[in-house]
Amino acid sequence: MLQIVLIRPGATDYDQERRIQGRLDVPLNEQGAIEVARVIDEIRDLKIETVYASACEPSLQTAQTIAGALGAKSKKMDRMQNVDQGLWQGVLIDEVRVKQPKVYRQWQEHPETVCPPDGEMLSQAEDRVRAAVARLVKRHKEGIIALVVPEPLASIVRHQVSQAELGDLWKAADEHGHWEILEVKSKPLVASS
C-alpha cells in the first residue's frame, strides 16, 4: 500500500499577514524555517523515499530542506501548481470578507461554486490534482512518499485521495507547516481525460 505524507509548506510573510497567496512566489520566512525543522523532526522515522513539491517557492524550499535532511530525493511537479486565485492574490482575507461578504460566505460554504476574478474554479485544480496523484500512484505502488503543496491545494489532495470534505479553505490556509499521512486505497484515482 502507498502512503502519502501530505505536508503544507512553512509560513511566508503572506501567511502571517493573512494574505491570499495563490500562485505567487513568496519565500519562507523565519517562522516558516522553524516549522520546516519541526516537521523534519516529526517525520524523520517514516522512511520517505521521495519528496515531491508543487512548483511554488515555499513548497520547493520546504521540500528541498526536508529531502536534504532525510537523505531522500526531491522532485518538482510542474502540473501541481496551486489554485489560481486571480485578482485575490496578495489581498488580505479580511478585505475579501468585508468587501465581498456574500462571496466570502459562499467560499466558506460551497467553495466549488466560486471563481475568484481572473482566477480558476476548484474543479480545474481538482482535475490537475487527480491526474498528478494518479501518476504518483502508478509510479509508486507501495512505500511512503511526501507531497509538499500549499493550501488550498493540500485540501484538494486530501479530498481526492481520502474522499474527505474540503472543509473551510480560509481556515485551512492557517495550517502551514502541518502534515498528515494519507493512505491510498486499493482503487487508485483515475486521471480524467
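Just above, that's the structure.
Residues numbered from 1 in each chain as written. Predicted model: local features only at pLDDT ≥ 70, side-chain atom pairs only at ≥ 80, totals over all residues. Heavy atoms only, no water.

Peer 1: Could you give an account of the overall build of the protein, with specific residues and numbers?
Peer 2: Across its full length, the protein carries eight helices and five strands. Secondary structure elements of the protein occur, N-terminal to C-terminal, as β-α-α-β-α-β-α-α-α-β-α-α-β. Along the first, second and third principal axes, the C-alpha set of the protein runs to 45 × 40 × 25 Å. A burial count over the protein gives 48% of its 193 residues as buried. Of the contacts formed within the protein by residues at least 6 apart in sequence, a portion of 75% connects residues at least 24 apart. (Helix = DSSP H or I, 4+ residues; strand = E, 2+ residues; numbered from the N terminus. Buried < 20%, exposed > 50% of the residue type's maximum accessible area, 1.4 Å probe, protein only. Contact = heavy atoms within 4.5 Å.)

Peer 1: Could you give an account of empty space enclosed by the protein, naming the residues involved and the relevant values?
Peer 2: On inspection of all chains with the given rule, the structure shows one cavity of 30 Å³ or more. Surrounding the largest cavity, 23 residues form its lining, Asp 15, Arg 19, Gln 21, Glu 151 and Ala 173 being those nearest its centre. Counting residues per element, the ones that place at least two in the lining of the largest cavity are α1 (13-17) and α8 (169-172). Per-class residue counts for the lining of the largest cavity are eleven nonpolar, six polar and six charged. (1 Å grid on protein atoms, 1.4 Å probe; cavity = no way out; pocket = protein on both sides within 12 Å on 5 of 7 lines; lining within 4 Å. Points joined across faces, edges and corners; volume = space filled by probe spheres on them. Nonpolar A, V, L, I, M, F, W, Y, C, P; charged D, E, K, R; others polar.)

Peer 1: Help me get a handle on helix α7 (residues 153-162), residues and values and all.
Peer 2: Judged by how many residues are buried, α7 sits mostly within the fold: eight of ten residues are covered. For α7, the complete set of buried residues consists of Leu 153, Ala 154, Ser 155, Ile 156, Val 157, Arg 158, Gln 160 and Val 161. Positive phi shows up at Gln 163, right after α7, with a value of about 55°.

Peer 1: Let's hear about the nonpolar core: which residues, and what values?
Peer 2: Grouped together as the largest cluster of nonpolar side chains are 35 residues, with contacts concentrated most on Met 80, Leu 147, Val 149, Leu 153, Ile 156, Val 157 and Trp 170. Elements supplying a minimum of two residues to this core: β1 (2-7), α4 (93-99), α5 (101-109), α6 (122-139), β4 (143-148), α7 and α8. It is α6 that contributes the most residues to this core, seven residues altogether. For Ile 156, the contacting residues outside a window of four places in its chain are Val 83, Leu 122, Ala 125, Glu 126, Val 129 and Leu 166. Membership of the second largest hydrophobic core comes to 18 residues, among which are Val 51, Ile 66, Ala 67 and Ala 72. (Core = buried A, V, L, I, M, F, W, Y, C linked by side-chain atoms within 4.5 Å.)

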